[in-house]
Amino acid sequence: MTLTSGQLDAYLARIEVGRPVSLDVASLSRLHRAHVMAFTWEALDAFMGWPSSIAPAAAFAKMVEGKRGGWCYEMNGLFGAALAALGFRVTRLCGGVNRETLGDIVMGNHLTLRVDLDRAYLADVGVSDAIVEPVPLGVGPISQRGFEFSIVPTDDGWLRFRNHARGMAHSFDFRPDHSDEAAIAATLGWLTQDPGSPFTNALAVLRHTTDGYIALHNDCLRSVTAGSVSEQCITSADHLADTFETIFGLDVPKPGSVWEKIQMVLSRHHAEVI
């Protein structure tokens with residue numbers, strides 16, 4: 001799973017970074033940060049029932065050739081393929097978001113990356129609101145842009161990445177040597193098609209900024225830094241279309257249909273509360 005030379009050039013142009021002169025942690029960090037700043041994290045396909053794939057080639061077509069973002073399978077899939085094309089030693093790892101509360105059934109609902117340099121690093125551009133640079137793959141605290149994360153051991157032999165206090169995903173579990181492409185492919189189907197999937201039940205879009213991120217959850221647009229949160233409400237289909245374009249840099253087909261789906265979701269949630 002790698003990119004051709006031409007695809008790699010197009011990818012690097014998209015994230016506005018030149019080819020690294022050396023394969024070291026400084027180059028990896030520069031690429032990692034450039035990727036999360038260039039691409040919007042978004043799960044529109046799952047929300048709308050549009051086709052989705054875990055293949056890096058599909059992510060390249062959508063995100064580099066098109067004007068879309070992606071979620072963990074696409075973000076980390078594309079990033080891992082680009083790193084491999086540059087010569088980095090990359091391993092795709094099978095993770096489980098919220099395994100601490102839901103158990104092993106969630107394994108495969110997250111794709112993360114191990115990159116081996118002077119030591120092993122966790123590279124993850126697909127947790128939406130988490131790290132913007134790779135971190136040593138080992139137990140310990142992590143601080144980036146004022147947000148606090150950590151990697152801790154679990155009682156049953158896994159490693160647990162804990163997100164910051166305001167993170168949408170509280171944690172994900174993984175092992176440095178655990179790859180399971182079959183589990184990832186199977187979970188993709190559930191996440192994109194099952195009515196119980198959190199991604200079919202809510203719109204989630206996020207873009208990193210210099211000191212935090214801007215996140216859209218259904219009709220709520222939230223700006224977050226380590227020390228502040230501000231919110232505004234999306235009020236119409238036109239407002240949503242403008243937000244997709246100007247805030248998130250996305251060319252979303254049929255934004256009016258997305259707005260209609262949001263209204264359906266909000267009405268259903270309101271009825272459940274009543």
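Each value, and the rule that gives it
- Residues numbered from 1 in each chain as written.
- Predicted model: local features only at pLDDT ≥ 70, side-chain atom pairs only at ≥ 80, totals over all residues.
- Heavy atoms only, no water.
- Helix = DSSP H or I, 4+ residues; strand = E, 2+ residues; numbered from the N terminus.
- Contact = heavy atoms within 4.5 Å.
- Core = buried A, V, L, I, M, F, W, Y, C linked by side-chain atoms within 4.5 Å.
- Buried < 20%, exposed > 50% of the residue type's maximum accessible area, 1.4 Å probe, protein only.
- Polar contact = N/O pair within 3.5 Å; in protein donor to acceptor, adjacent residues only side chain to side chain.

Enquirer: Quick rundown of the environment of Gly 140? Include the residues and the values.
Expert: Considering the arrangement of structural elements, one finds Gly 140 in strand S6 (residues 140-144). Measuring from C-alpha to C-alpha, the distance between Gly 140 and Pro 153 comes to 9.4 Å, with 13 residues separating the pair along the chain. With sequence-adjacent residues up to four places away left out, Gly 140 is seen in contact with Ser 150 and Ile 151.

Enquirer: Please give an account of the nonpolar core that cites residues and values.
Expert: Counting 68 residues, the largest nonpolar core has Tyr 11 and Phe 161 as the members making the most contacts within it. For this core, the leading source of residues is helix H5 (residues 72-86), giving nine residues. Ignoring anything within four residues of it in the chain, the contact list for Tyr 11 reads Leu 3, His 35, Phe 39, Phe 60, Val 64, Leu 78, Phe 79 and Ala 82. With 18 residues, the next largest nonpolar core counts Phe 47, Val 205, Ile 214 and Ile 262 among its residues.

Enquirer: Lay out helix H4 (residues 56-65) in plain terms, naming residues and giving numbers.
Expert: Residues of H4 that are buried: Pro 56, Ala 59, Phe 60, Lys 62, Met 63 and Val 64. Residues of H4 that are buried make contact with helix H1 (5-15), helix H2 (25-38), strand S1 (41-42), helix H3 (44-48), H5 and strand S2 (89-97).

Enquirer: Tell me about the side chain of Asp 173, residues and numbers included.
Expert: Structurally, the position occupied by Asp 173 is in strand S9 (residues 171-174). Polar side-chain contacts of Asp 173 include one of 2.9 Å to the side chain of Arg 99. When residues no more than four places from it in sequence are discounted, the contact partners of Asp 173 are Cys 94, Gly 95, Gly 96, Arg 99, Glu 100, Met 107, Thr 154, Trp 158, Leu 159 and Arg 160.

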